[in-house]
Each structure stands twice: as C-alpha cells, then as structure tokens.
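What the coordinates show
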Amino acid sequence: MRFVLFVALALSVTGCTRWSMNHHMNLAYKAYERGNCEQVMLELSQVDRASRARRYMQPEVSMLRGQCLERQKLFVDAAQTYQFIITQYPNSEYAFRARARLETLQSLGHYPTRSASAIRPTAS
C-alpha cells in the first residue's frame, strides 16, 4: 500500500506536468493541421503555464506560435517570434528553422530585408 501511495505521489509531482505539456502540445499540433490558430494559441498558453520550470520547451512553443502568426498573415509578429528563438536559443534546431522561416518571409516580401547579421548570430 505504501508503495502505491509513493508511486502516485511521485507521478503527481513529476509526471503530470510533463504529461500535461505533451497533451497540450499534441492538441496544438492537431489544431494547426486543421488551420485553427485560435485553438493553437490557447493550447500553447497552457504549455507555457506548465513549462515555466522546463525552459527546453520554449523554442518549440515559440516556433509553432510563429507559424500560426504567419498563417494569420501577421508576418511582422511572426518574424519577431523567430528573432526571439534565434536570440535566446541560437544553437537549437528551432533557431535553424527560425532562420529559414525569416529568409522565406524576406524572399516573399513579407518582412523587410536586413543584413545577414540580423538573421545569423555572430560567431564568437
């Protein structure tokens, strides 16, 4: 009986938050596939609340948020979201993807062309 109580307590402290984040991220991706950006933003805000202690989730959340902003034709907001990813998480997979999205926005004329240093972090 004590073992079951201990396992339940351990899951409530660690597992539920992770499960909740995964659940809301999955719902956000499903809503994105349906084109429902309002639902995506709602689900991402749920992930933001659950992930404050888990900062590794932020680049993925921001990337999906930027893609929804693009879909809603809020190109400047999307570009600023991508810039945030590049600045805060320069070595992540999502920074690479954010740079590609910025370049695409620029080539389509939805975001003003800037110098390459604005898109790529400087090497130190």
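Everything below is about the structure printed above this text.
Keep in mind that this is a model prediction, so the values were computed, not measured.

**Overview of the packing of aromatic side chains**
For the coordinates displayed, the defined rule picks out 1 aromatic pair. Ring centres of Phe 84 and Tyr 89 lie 6.2 Å apart, and the angle between their planes is 75°; this geometry places the pair in the edge-to-face category. Stacked on the ring of Tyr 32, the Lys or Arg Arg 71 has its end atom at 3.8 Å from the ring centre.

**As for the side chain of Glu 60**
In this fold, Glu 60 is placed in helix α3 (residues 58-71). Notably, Glu 60 is buried but unbridged: the nearest opposite-charge side chain belongs to Arg 97, and the N-O separation is 6.8 Å. In contact with Glu 60, not counting residues within four places along its chain, are Met 25, Tyr 29 and Tyr 94.

**Regarding unusual backbone geometry**
In this structure, Lys 73 takes a positive phi of about 65° despite not being glycine. For Lys 73, the location among the structural elements is in the loop between α3 and α4 (75-88). For Lys 73, a relative accessible area of 61% translates into the label exposed.

**What about the pattern of salt bridges?**
Taken as a whole and assessed by the stated rule, the structure comprises 3 salt bridges. The residue Arg 97 makes a salt bridge to Glu 93 at a minimum N-O spacing of 3.7 Å. Placement of both Arg 97 and Glu 93 in helix α5 (residues 93-107) is noted, with a separation of 4 residues, approximately one turn of the helix.

Procedures and definitions
- Residues numbered from 1 in each chain as written.
- Predicted model: local features only at pLDDT ≥ 70, side-chain atom pairs only at ≥ 80, totals over all residues.
- Heavy atoms only, no water.
- Phe/Tyr/Trp six-rings, centres within 6.5 Å; stacked < 30°, edge-to-face > 60°.
- Lys NZ or Arg CZ within 6 Å of the ring centre and 35° of its normal.
- Helix = DSSP H or I, 4+ residues; strand = E, 2+ residues; numbered from the N terminus.
- Buried < 20%, exposed > 50% of the residue type's maximum accessible area, 1.4 Å probe, protein only.
- Lys, Arg positive; Asp, Glu negative; His and termini not counted.
- Salt bridge = Lys/Arg side-chain N within 4 Å of Asp/Glu carboxyl O.
- Contact = heavy atoms within 4.5 Å.

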